[in-house]
Amino acid sequence: MVDFAKHLKVPSLDPYFFVMEEDRVNMERLEKLSEKHPINILVTGNQGCGKSSLVRQFAGYYSRPMATFQVGLLLEAGQLFGQQRLKDGETFYQSFLFSNVIRVPGCVVHLEEINRSENPHALNELFSVLSEERSIWIDEFGLVEVAPRVIFFATMNEGAEFSGTDELDAALKDRFYRIRLEYPPMSVEKEILVLKTGISPSVADEILNVVNKLRRNKQAPIDISIRHSLMIAELSAMGAPLREAIIYSLQISMNVLESLLLSIHVETGDTKEESNHYERYVPPDYVPSQRG
Ligand SMILES: Nc1ncnc2c1ncn2[C@@H]1O[C@H](COP(=O)(O)OP(=O)(O)O)[C@@H](O)[C@H]1O
Ligand SMILES: [Mg+2]
(Lines give C-alpha, C1' and ligand atoms only; values in the text may rest on other atoms or scores of the structure.)
(Ligands and ions follow the chains in the order given, each with its own letter.)
Protein backbone atom coordinates (compact mmCIF):
# COMPACT_ATOMS: atom_id res chain seq x y z
CA MET A 1 0.00 0.00 0.00
CA VAL A 2 3.09 2.20 0.31
CA ASP A 3 2.68 4.13 -2.88
CA PHE A 4 -0.96 3.56 -3.51
CA ALA A 5 -1.54 7.23 -4.34
CA LYS A 6 0.16 6.72 -7.70
CA HIS A 7 -2.63 4.41 -8.79
CA LEU A 8 -5.33 6.96 -8.26
CA LYS A 9 -6.11 9.47 -10.96
CA VAL A 10 -7.03 13.10 -10.84
CA PRO A 11 -10.14 13.16 -13.05
CA SER A 12 -9.84 15.20 -16.23
CA LEU A 13 -11.89 18.37 -16.32
CA ASP A 14 -15.10 18.50 -18.31
CA PRO A 15 -14.59 21.70 -20.34
CA TYR A 16 -18.36 22.07 -20.71
CA PHE A 17 -19.52 21.55 -17.19
CA PHE A 18 -21.71 24.37 -15.89
CA VAL A 19 -22.35 25.16 -12.27
CA MET A 20 -24.24 27.86 -10.43
CA GLU A 21 -21.83 30.56 -9.32
CA GLU A 22 -23.02 30.36 -5.74
CA ASP A 23 -22.32 26.62 -5.66
CA ARG A 24 -18.85 27.11 -7.10
CA VAL A 25 -18.00 29.83 -4.61
CA ASN A 26 -19.17 27.76 -1.69
CA MET A 27 -17.33 24.68 -2.89
CA GLU A 28 -14.24 26.87 -2.91
CA ARG A 29 -14.93 27.81 0.70
CA LEU A 30 -15.39 24.17 1.62
CA GLU A 31 -12.17 23.28 -0.12
CA LYS A 32 -10.33 25.85 2.01
CA LEU A 33 -12.06 24.56 5.09
CA SER A 34 -10.81 21.07 4.37
CA GLU A 35 -7.28 22.35 5.01
CA LYS A 36 -8.30 23.20 8.56
CA HIS A 37 -10.36 20.20 9.51
CA PRO A 38 -12.08 17.21 7.96
CA ILE A 39 -15.26 17.86 5.99
CA ASN A 40 -17.90 15.80 4.21
CA ILE A 41 -20.21 17.05 1.49
CA LEU A 42 -23.59 15.61 0.52
CA VAL A 43 -24.82 16.41 -2.99
CA THR A 44 -28.53 15.88 -3.56
CA GLY A 45 -30.69 16.43 -6.60
CA ASN A 46 -32.75 14.66 -9.21
CA GLN A 47 -31.40 11.73 -11.13
CA GLY A 48 -29.12 12.86 -13.95
CA CYS A 49 -28.85 16.46 -12.78
CA GLY A 50 -25.07 16.32 -12.57
CA LYS A 51 -24.24 15.16 -9.04
CA SER A 52 -21.54 12.66 -9.94
CA SER A 53 -20.14 15.01 -12.55
CA LEU A 54 -19.95 17.78 -9.98
CA VAL A 55 -17.86 15.63 -7.65
CA ARG A 56 -15.56 14.66 -10.53
CA GLN A 57 -15.24 18.28 -11.64
CA PHE A 58 -14.39 19.35 -8.09
CA ALA A 59 -11.62 16.76 -7.90
CA GLY A 60 -10.31 17.78 -11.33
CA TYR A 61 -10.49 21.49 -10.50
CA TYR A 62 -8.45 21.11 -7.32
CA SER A 63 -6.14 18.42 -8.74
CA ARG A 64 -7.23 15.89 -6.17
CA PRO A 65 -7.12 12.17 -6.86
CA MET A 66 -10.54 10.58 -6.73
CA ALA A 67 -12.12 7.19 -6.16
CA THR A 68 -15.80 6.25 -6.37
CA PHE A 69 -17.56 3.60 -4.32
CA GLN A 70 -21.03 2.32 -5.11
CA VAL A 71 -22.35 2.39 -1.60
CA GLY A 72 -25.80 1.44 -2.85
CA LEU A 73 -24.49 -2.03 -3.59
CA LEU A 74 -23.17 -2.79 -0.12
CA LEU A 75 -24.97 -5.62 1.55
CA GLU A 76 -23.30 -5.98 4.89
CA ALA A 77 -20.93 -4.34 7.31
CA GLY A 78 -17.28 -4.81 6.49
CA GLN A 79 -17.66 -4.80 2.75
CA LEU A 80 -15.89 -1.48 2.35
CA PHE A 81 -12.67 -2.30 4.12
CA GLY A 82 -12.07 -5.94 3.47
CA GLN A 83 -13.28 -9.44 4.13
CA GLN A 84 -12.25 -12.78 5.48
CA ARG A 85 -11.54 -15.11 2.61
CA LEU A 86 -10.81 -18.77 2.40
CA LYS A 87 -7.92 -20.14 0.37
CA ASP A 88 -6.50 -23.68 0.46
CA GLY A 89 -8.32 -24.31 3.73
CA GLU A 90 -6.84 -21.20 5.34
CA THR A 91 -8.70 -18.02 6.11
CA PHE A 92 -7.02 -14.74 5.41
CA TYR A 93 -8.10 -11.11 5.44
CA GLN A 94 -8.28 -9.43 2.08
CA SER A 95 -8.32 -5.66 2.28
CA PHE A 96 -10.30 -3.70 -0.27
CA LEU A 97 -9.55 -0.52 -2.17
CA PHE A 98 -11.41 1.68 0.29
CA SER A 99 -8.95 1.10 3.12
CA ASN A 100 -6.11 2.28 0.88
CA VAL A 101 -7.92 5.16 -0.74
CA ILE A 102 -8.79 6.92 2.50
CA ARG A 103 -5.10 6.97 3.36
CA VAL A 104 -4.22 9.06 0.30
CA PRO A 105 -3.81 12.72 1.36
CA GLY A 106 -6.22 15.10 -0.34
CA CYS A 107 -8.21 12.34 -1.97
CA VAL A 108 -11.84 12.88 -2.98
CA VAL A 109 -13.76 9.81 -1.88
CA HIS A 110 -17.08 9.65 -3.69
CA LEU A 111 -19.76 7.57 -1.97
CA GLU A 112 -22.32 7.04 -4.71
CA GLU A 113 -26.01 6.62 -3.83
CA ILE A 114 -25.32 6.52 -0.15
CA ASN A 115 -29.01 6.32 0.71
CA ARG A 116 -29.61 3.23 -1.35
CA SER A 117 -27.62 0.80 0.72
CA GLU A 118 -29.56 -2.45 0.97
CA ASN A 119 -28.68 -2.75 4.58
CA PRO A 120 -28.04 0.43 6.59
CA HIS A 121 -25.64 -1.47 8.85
CA ALA A 122 -23.37 -1.84 5.88
CA LEU A 123 -22.63 1.83 6.59
CA ASN A 124 -21.58 1.25 10.19
CA GLU A 125 -17.90 1.67 9.51
CA LEU A 126 -18.40 4.67 7.31
CA PHE A 127 -19.81 6.40 10.31
CA SER A 128 -16.43 6.25 12.07
CA VAL A 129 -14.37 7.52 9.19
CA LEU A 130 -16.80 10.35 8.52
CA SER A 131 -16.72 11.52 12.11
CA GLU A 132 -14.27 14.08 13.48
CA GLU A 133 -11.97 11.30 14.67
CA ARG A 134 -11.46 10.22 11.08
CA SER A 135 -10.29 6.78 12.13
CA ILE A 136 -11.54 3.28 12.64
CA TRP A 137 -10.27 0.19 14.38
CA ILE A 138 -10.17 -2.81 12.12
CA ASP A 139 -8.89 -5.89 13.92
CA GLU A 140 -6.90 -7.01 10.94
CA PHE A 141 -5.12 -3.67 10.38
CA GLY A 142 -5.22 -1.94 13.73
CA LEU A 143 -6.13 1.72 13.65
CA VAL A 144 -6.87 3.01 10.16
CA GLU A 145 -6.60 6.77 10.02
CA VAL A 146 -7.97 8.93 7.23
CA ALA A 147 -5.22 11.01 5.60
CA PRO A 148 -5.20 14.82 5.88
CA ARG A 149 -7.43 16.85 3.54
CA VAL A 150 -9.43 13.84 2.40
CA ILE A 151 -12.97 14.94 1.47
CA PHE A 152 -15.87 12.53 1.48
CA PHE A 153 -18.54 13.39 -1.06
CA ALA A 154 -21.80 11.50 -0.87
CA THR A 155 -24.35 11.70 -3.66
CA MET A 156 -28.00 10.85 -3.27
CA ASN A 157 -31.05 11.10 -5.49
CA GLU A 158 -33.67 13.52 -4.27
CA GLY A 159 -36.83 12.03 -2.94
CA ALA A 160 -34.97 8.91 -1.95
CA GLU A 161 -33.84 10.46 1.30
CA PHE A 162 -32.30 8.61 4.20
CA SER A 163 -35.18 6.93 5.92
CA GLY A 164 -34.42 8.76 9.15
CA THR A 165 -36.06 6.00 11.13
CA ASP A 166 -32.67 4.49 11.65
CA GLU A 167 -30.57 6.50 14.08
CA LEU A 168 -27.49 5.68 12.09
CA ASP A 169 -29.05 7.33 9.06
CA ALA A 170 -29.79 10.56 10.86
CA ALA A 171 -26.40 10.71 12.54
CA LEU A 172 -24.66 9.99 9.28
CA LYS A 173 -26.50 12.71 7.44
CA ASP A 174 -25.71 15.11 10.24
CA ARG A 175 -22.04 15.03 9.34
CA PHE A 176 -22.33 16.53 5.88
CA TYR A 177 -22.36 19.96 4.34
CA ARG A 178 -25.05 20.01 1.75
CA ILE A 179 -25.26 21.04 -1.90
CA ARG A 180 -28.71 20.88 -3.47
CA LEU A 181 -28.22 20.67 -7.20
CA GLU A 182 -30.96 21.87 -9.53
CA TYR A 183 -31.37 21.38 -13.24
CA PRO A 184 -29.83 24.43 -14.95
CA PRO A 185 -32.13 26.86 -16.78
CA MET A 186 -33.01 26.09 -20.38
CA SER A 187 -30.55 28.57 -21.88
CA VAL A 188 -27.72 26.79 -20.09
CA GLU A 189 -29.03 23.35 -21.00
CA LYS A 190 -29.06 24.48 -24.62
CA GLU A 191 -25.44 25.58 -24.39
CA ILE A 192 -24.50 22.22 -22.85
CA LEU A 193 -26.21 20.29 -25.65
CA VAL A 194 -24.56 22.37 -28.36
CA LEU A 195 -21.08 22.28 -26.82
CA LYS A 196 -21.10 18.62 -25.86
CA THR A 197 -22.68 17.06 -28.95
CA GLY A 198 -21.94 19.53 -31.73
CA ILE A 199 -25.58 19.93 -32.79
CA SER A 200 -26.59 23.36 -34.07
CA PRO A 201 -28.33 25.84 -31.76
CA SER A 202 -31.51 25.51 -33.79
CA VAL A 203 -31.60 21.71 -33.43
CA ALA A 204 -30.98 22.19 -29.70
CA ASP A 205 -33.98 24.51 -29.62
CA GLU A 206 -36.15 21.92 -31.35
CA ILE A 207 -35.09 19.22 -28.89
CA LEU A 208 -35.61 21.39 -25.84
CA ASN A 209 -38.94 22.59 -27.13
CA VAL A 210 -40.31 19.05 -27.22
CA VAL A 211 -38.48 18.02 -24.06
CA ASN A 212 -39.96 20.91 -22.15
CA LYS A 213 -43.43 20.11 -23.41
CA LEU A 214 -43.01 16.64 -21.97
CA ARG A 215 -41.62 17.99 -18.73
CA ARG A 216 -44.50 20.37 -18.27
CA ASN A 217 -47.34 18.36 -19.76
CA LYS A 218 -50.26 18.51 -17.37
CA GLN A 219 -51.57 14.95 -17.42
CA ALA A 220 -48.31 13.21 -16.77
CA PRO A 221 -45.19 15.34 -16.47
CA ILE A 222 -42.14 13.32 -17.44
CA ASP A 223 -38.87 13.81 -15.64
CA ILE A 224 -36.30 14.27 -18.37
CA SER A 225 -32.84 14.90 -16.95
CA ILE A 226 -29.89 16.54 -18.67
CA ARG A 227 -28.56 13.04 -19.07
CA HIS A 228 -31.55 12.30 -21.27
CA SER A 229 -31.60 15.52 -23.22
CA LEU A 230 -27.91 14.87 -23.90
CA MET A 231 -28.72 11.36 -25.10
CA ILE A 232 -31.32 12.78 -27.47
CA ALA A 233 -28.87 15.39 -28.73
CA GLU A 234 -26.20 12.76 -29.27
CA LEU A 235 -28.53 10.67 -31.43
CA SER A 236 -29.47 13.81 -33.35
CA ALA A 237 -25.80 14.51 -33.91
CA MET A 238 -25.60 11.01 -35.42
CA GLY A 239 -28.30 11.96 -37.90
CA ALA A 240 -31.46 10.72 -36.16
CA PRO A 241 -34.64 12.69 -36.84
CA LEU A 242 -36.04 14.28 -33.69
CA ARG A 243 -38.80 11.71 -33.41
CA GLU A 244 -36.39 8.78 -33.37
CA ALA A 245 -33.83 10.52 -31.19
CA ILE A 246 -36.55 10.88 -28.56
CA ILE A 247 -38.07 7.41 -28.84
CA TYR A 248 -34.70 5.73 -28.54
CA SER A 249 -33.57 7.85 -25.58
CA LEU A 250 -36.51 7.94 -23.20
CA GLN A 251 -37.99 5.31 -20.97
CA ILE A 252 -41.66 6.13 -21.26
CA SER A 253 -44.80 4.11 -21.64
CA MET A 254 -46.38 3.43 -25.02
CA ASN A 255 -49.42 5.57 -24.21
CA VAL A 256 -47.37 8.61 -23.44
CA LEU A 257 -45.20 7.89 -26.45
CA GLU A 258 -48.22 7.87 -28.79
CA SER A 259 -49.40 11.29 -27.73
CA LEU A 260 -45.83 12.50 -27.76
CA LEU A 261 -45.36 11.39 -31.35
CA LEU A 262 -48.52 13.15 -32.30
CA SER A 263 -47.28 16.40 -30.81
CA ILE A 264 -43.91 16.06 -32.51
CA HIS A 265 -45.67 15.50 -35.76
CA VAL A 266 -47.78 18.58 -35.23
CA GLU A 267 -44.69 20.61 -34.32
CA THR A 268 -42.22 19.49 -36.91
CA GLY A 269 -43.99 17.42 -39.51
CA ASP A 270 -41.43 14.78 -38.62
CA THR A 271 -43.37 11.60 -39.16
CA LYS A 272 -42.94 7.88 -39.34
CA GLU A 273 -42.92 6.03 -42.64
CA GLU A 274 -46.30 4.50 -43.41
CA SER A 275 -45.28 0.88 -43.08
CA ASN A 276 -42.52 -0.71 -41.11
CA HIS A 277 -39.93 -1.91 -43.53
CA TYR A 278 -38.09 -5.03 -42.45
CA GLU A 279 -34.75 -6.15 -43.76
CA ARG A 280 -32.01 -8.61 -42.94
CA TYR A 281 -29.59 -7.43 -40.29
CA VAL A 282 -26.23 -8.46 -41.76
CA PRO A 283 -23.28 -6.38 -43.02
CA PRO A 284 -23.61 -5.29 -46.69
CA ASP A 285 -20.60 -7.40 -47.73
CA TYR A 286 -21.80 -10.45 -45.82
CA VAL A 287 -21.50 -13.75 -47.63
CA PRO A 288 -23.34 -16.67 -46.04
CA SER A 289 -21.10 -19.65 -45.37
CA GLN A 290 -21.70 -22.71 -47.56
CA ARG A 291 -24.13 -25.10 -46.07
CA GLY A 292 -22.99 -28.72 -46.31
N1 LIG B 1 -24.28 21.20 -15.15
C2 LIG B 1 -23.90 20.37 -16.13
N3 LIG B 1 -23.08 20.80 -17.12
C4 LIG B 1 -22.71 19.94 -18.09
N5 LIG B 1 -23.09 18.66 -18.18
C6 LIG B 1 -23.90 18.18 -17.23
C7 LIG B 1 -24.36 19.01 -16.17
N8 LIG B 1 -25.15 18.28 -15.36
C9 LIG B 1 -25.21 17.05 -15.90
N10 LIG B 1 -24.47 16.99 -17.02
C11 LIG B 1 -24.27 15.79 -17.83
O12 LIG B 1 -25.40 14.94 -17.66
C13 LIG B 1 -25.00 13.57 -17.47
C14 LIG B 1 -25.51 13.02 -16.17
O15 LIG B 1 -24.85 13.59 -15.09
P16 LIG B 1 -24.47 12.79 -13.75
O17 LIG B 1 -23.44 13.58 -13.06
O18 LIG B 1 -24.16 11.36 -14.05
O19 LIG B 1 -25.88 12.86 -12.97
P20 LIG B 1 -26.29 12.26 -11.55
O21 LIG B 1 -25.05 11.79 -10.86
O22 LIG B 1 -26.95 13.40 -10.84
O23 LIG B 1 -27.27 11.15 -11.84
C24 LIG B 1 -23.48 13.56 -17.59
O25 LIG B 1 -23.15 13.21 -18.92
C26 LIG B 1 -23.08 14.99 -17.32
O27 LIG B 1 -21.89 15.32 -17.97
MG1 LIG C 1 -24.62 9.79 -10.15
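Refer to the structure printed above.
Because the structure is a prediction, the values reported are computed rather than measured. (Residues numbered from 1 in each chain as written. Chains lettered and ligands numbered in written order. Predicted model: local features only at pLDDT ≥ 70, side-chain atom pairs only at ≥ 80, totals over all residues. Heavy atoms only, no water.)

Peer 1: Looking at this model, I keep getting lost on the coordination of the magnesium ion (ligand 2). Mind explaining?
Peer 2: Octahedral metals with six donors have ideal donor angles of 90 or 180 degrees. Tetrahedral metals with four donors have an ideal donor angle of 109.5 degrees. Looking at the magnesium ion (ligand 2), the protein donor atoms are S52 (OG) and E112 (OE), and they sit 2.1 to 2.6 Å from it. Residue S52 is located in helix α2 (residues 51-61), and its partner E112 is located in strand β5 (residues 108-112); the two are separated by 60 residues in the primary sequence. On the accessibility criterion, S52 (21% relative accessible area) is partly exposed. Relative accessible area serves as the criterion here: at 15%, E112 is assigned to the buried category. (Donors = N, O, S within 2.8 Å, 3.2 Å for Na, K, Ca; no water. Helix = DSSP H or I, 4+ residues; strand = E, 2+ residues; numbered from the N terminus. Buried < 20%, exposed > 50% of the residue type's maximum accessible area, 1.4 Å probe, protein only.)

Peer 1: Mind showing me how you'd approach the nonpolar core here?
Peer 2: Looking at soluble globular proteins, one finds that nonpolar side chains tend to be buried together. Core analysis: the biggest nonpolar cluster contains 32 residues, and F98, V109, I114 and F152 have the highest contact counts within it. Apart from residues lying up to four places away in sequence, F152 is in contact with I39, N40, I41, F98, I102, V109, L111, V129, L130, R134, V146 and F176. Core analysis: the second largest hydrophobic core is formed by 24 residues, I199, V210, A233 and L242 among them. (Core = buried A, V, L, I, M, F, W, Y, C linked by side-chain atoms within 4.5 Å. Contact = heavy atoms within 4.5 Å.)

Peer 1: What is the right way to read α2 from this model?
Peer 2: Turn by turn, an α-helix covers 3.6 residues, leaving residues three or four places apart pointing in a common direction. Every buried residue belonging to α2 is among K51, L54, V55, Q57, F58, A59 and G60, and all of these are buried. Residues of α2 that are buried sit in contact with α1 (21-36), β1 (39-45), β2 (66-70), β5, β8 (151-157) and β9 (177-180). Two residues or fewer past α2, S63 is found with a positive phi of approximately 50°.

Peer 1: Would you explain the packing of helix α6 (residues 186-197) against helix α7 (residues 201-216) in this entry?
Peer 2: Think of two packed helices as two axes; the pair is described by the angle between the axes and how far apart they sit. For the pair α6 and α7, the least separation of the axes is 10 Å and the interaxial angle reads 130°. Comparing their axes, α7 and α6 come out oblique. Here α6 runs over α7; the crossing is right-handed. When α6 is examined against α7, the residues M186, E189, K190, L193 and V194 are found in contact with a partner set consisting of P201, A204, D205, I207, L208, N212 and R215. In terms of residue class, the contact of α6 with α7 is built from seven nonpolar, one polar and four charged. (Axes fitted to C-alpha atoms, helices over the stretch in contact; angles between N-to-C directions. Parallel < 35°, antiparallel > 145°, perpendicular 65-115°, else oblique. Left-handed = near helix turned anticlockwise from the far one by under 90°. Nonpolar A, V, L, I, M, F, W, Y, C, P; charged D, E, K, R; others polar.)

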